[in-house]
Amino acid sequence: MPRYFFHLRYGPDKLAADPEGEILADPQVARAHALAAAGDLIARTRSDFVHDWFVCSFEIVDEAGEPVLTLPFGEAVAQEPDRE
């Protein structure tokens with residue numbers, strides 16, 4: 001199975017590299033993993049470096065360093081249906 005790295009983009013020129021990555025089945029599983037991690041960070045983590053998690057994203061790359069996808073943290077928040 002491939003290894004994916006979840007680099008945290010938290011500003012235009014700020015990137016926290018993921019040195020270990022995760023071994024996951026495919027890009028869809030990597031996306032689900034990123035959604036869960038982003039949701040957890042938003043809900044549970046306070047940081048001196050990140051003041052607004054909603055401007056952050058995961059830049060997911062494969063073992064060769066090739067981009068797989070970018071996941072904005074806002075996608076981790078479930079949208080409630082409109083109520084009338």
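Read on for a plain summary of the structure. A quick note: this is a predicted structure, and the numbers were derived from the prediction, not measured. (Residues numbered from 1 in each chain as written. Predicted model: local features only at pLDDT ≥ 70, side-chain atom pairs only at ≥ 80, totals over all residues. Heavy atoms only, no water.)

### Section: the packing of aromatic side chains
For the structure shown, the criterion picks out three aromatic pairs. On the basis of an interplanar angle of 85° and a centroid distance of 6.1 Å, the ring pair of phenylalanine 6 and phenylalanine 58 is categorised as edge-to-face. Remark: phenylalanine 58 occurs in strand β4 (residues 57-62) and phenylalanine 6 occurs in strand β1 (residues 3-11); sequence separation between them is 52 residues. With a centroid separation of 5.8 Å and 5° between ring planes, the pair formed by tryptophan 53 and phenylalanine 73 is classed as stacked. A residue pair is termed long-range when its members are at least 10 positions apart, and tryptophan 53 in the loop between α1 (27-44) and β4 and phenylalanine 73 in the segment after β5 (67-72) qualify at 20 residues. (Phe/Tyr/Trp six-rings, centres within 6.5 Å; stacked < 30°, edge-to-face > 60°. Helix = DSSP H or I, 4+ residues; strand = E, 2+ residues; numbered from the N terminus.)

### A look at the pattern of salt bridges
When the charged atoms of two side chains with opposite charge come close together, those side chains can pair. Evaluated as defined, the whole model comprises three salt bridges. Glutamate 59 is the salt-bridge partner of arginine 9, the closest N and O atoms lying 2.9 Å from each other. Taken as a pair, arginine 9 in strand β1 and glutamate 59 in strand β4 lie far apart in primary sequence, 50 residues in all. The exposure class of glutamate 59 is partly exposed, given its relative accessible area of 22%. (Salt bridge = Lys/Arg side-chain N within 4 Å of Asp/Glu carboxyl O. Buried < 20%, exposed > 50% of the residue type's maximum accessible area, 1.4 Å probe, protein only.)

### Re the nonpolar core
Among the nonpolar cores identified, the biggest contains 15 residues, and Phe6, Trp53, Phe58, Ile60 and Phe73 are the most heavily contacted of them. Broken down by element, this core gets its largest block of residues, four residues, from α1. The contacts of tryptophan 53, once residues within four sequence positions are left out, are Leu8, Leu41, Ile42, Thr45, Ser47 and Phe73. (Core = buried A, V, L, I, M, F, W, Y, C linked by side-chain atoms within 4.5 Å. Contact = heavy atoms within 4.5 Å.)

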